[in-house]
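Understanding the architecture of this molecule
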Amino acid sequence: MPLVLLVMLFMVDRDNTFHKVGYIVLLLSYTSILIIRVLYAKETWHREFNTNDLGRDSKIEKMSDYQDTLANIDDAGKESIK
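Residues numbered from 1 in each chain as written. Predicted model: local features only at pLDDT ≥ 70, side-chain atom pairs only at ≥ 80, totals over all residues. Heavy atoms only, no water.

**Focus: the overall build of the protein**
Counting its secondary structure elements, the protein contains three helices and zero strands. Along the chain direction, N to C, the helices and strands of the protein fall in the order α-α-α. With 82 residues in all, the protein has 5% of them scored as buried. Accessible surface, the protein: about 7,300 Å² in total, of which carbon and sulfur atoms supply 64%. (Helix = DSSP H or I, 4+ residues; strand = E, 2+ residues; numbered from the N terminus. Buried < 20%, exposed > 50% of the residue type's maximum accessible area, 1.4 Å probe, protein only. Areas by Shrake-Rupley, 256 points an atom, 1.4 Å probe, with all protein chains shown as cover.)

**Structural notes on a nonpolar patch on the surface**
A cluster of nonpolar side chains, L3, L6, V7, L9, F10 and M11, forms an exposed patch at the surface whose accessible area comes to about 660 Å². Note on placement: L9 falls in helix α1 (residues 2–11). (Patch = residues over 30% accessible without salt bridge, like charges linked within 9 Å, V, L, I, M, F, W, Y side chains within 5 Å. Salt bridge = Lys/Arg side-chain N within 4 Å of Asp/Glu carboxyl O.)

**Examining the confidence of the model for the protein**
Caution is warranted with low-pLDDT regions, since their predicted coordinates should not be read in detail. Across the protein, pLDDT averages 80, with 70% of residues at or above 70. Averaged pLDDT values for the elements of the protein fall to 67 in helix α3 (residues 63–81) and rise to 91 in helix α2 (residues 17–49). (pLDDT = per-residue confidence, 0-100.)

Written out as structure tokens, the structure reads:
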């Protein structure tokens, strides 16, 4: 879509009001779609990583503590499968 908008930018007749308004509406609609997708991804991210108890664990102060905790959980899951 960005390439289409770039090509259309060069092809828009600057004297034709319909072309100018159409291009601006298309550009604003594409921008709004991108913003909505980013906000949805942010919401999904927070929903995915705040549901478990790891986010509320007071022992986790650094990223390495979080990684160690995740590694322990993964090791426990692998041992139960064997």
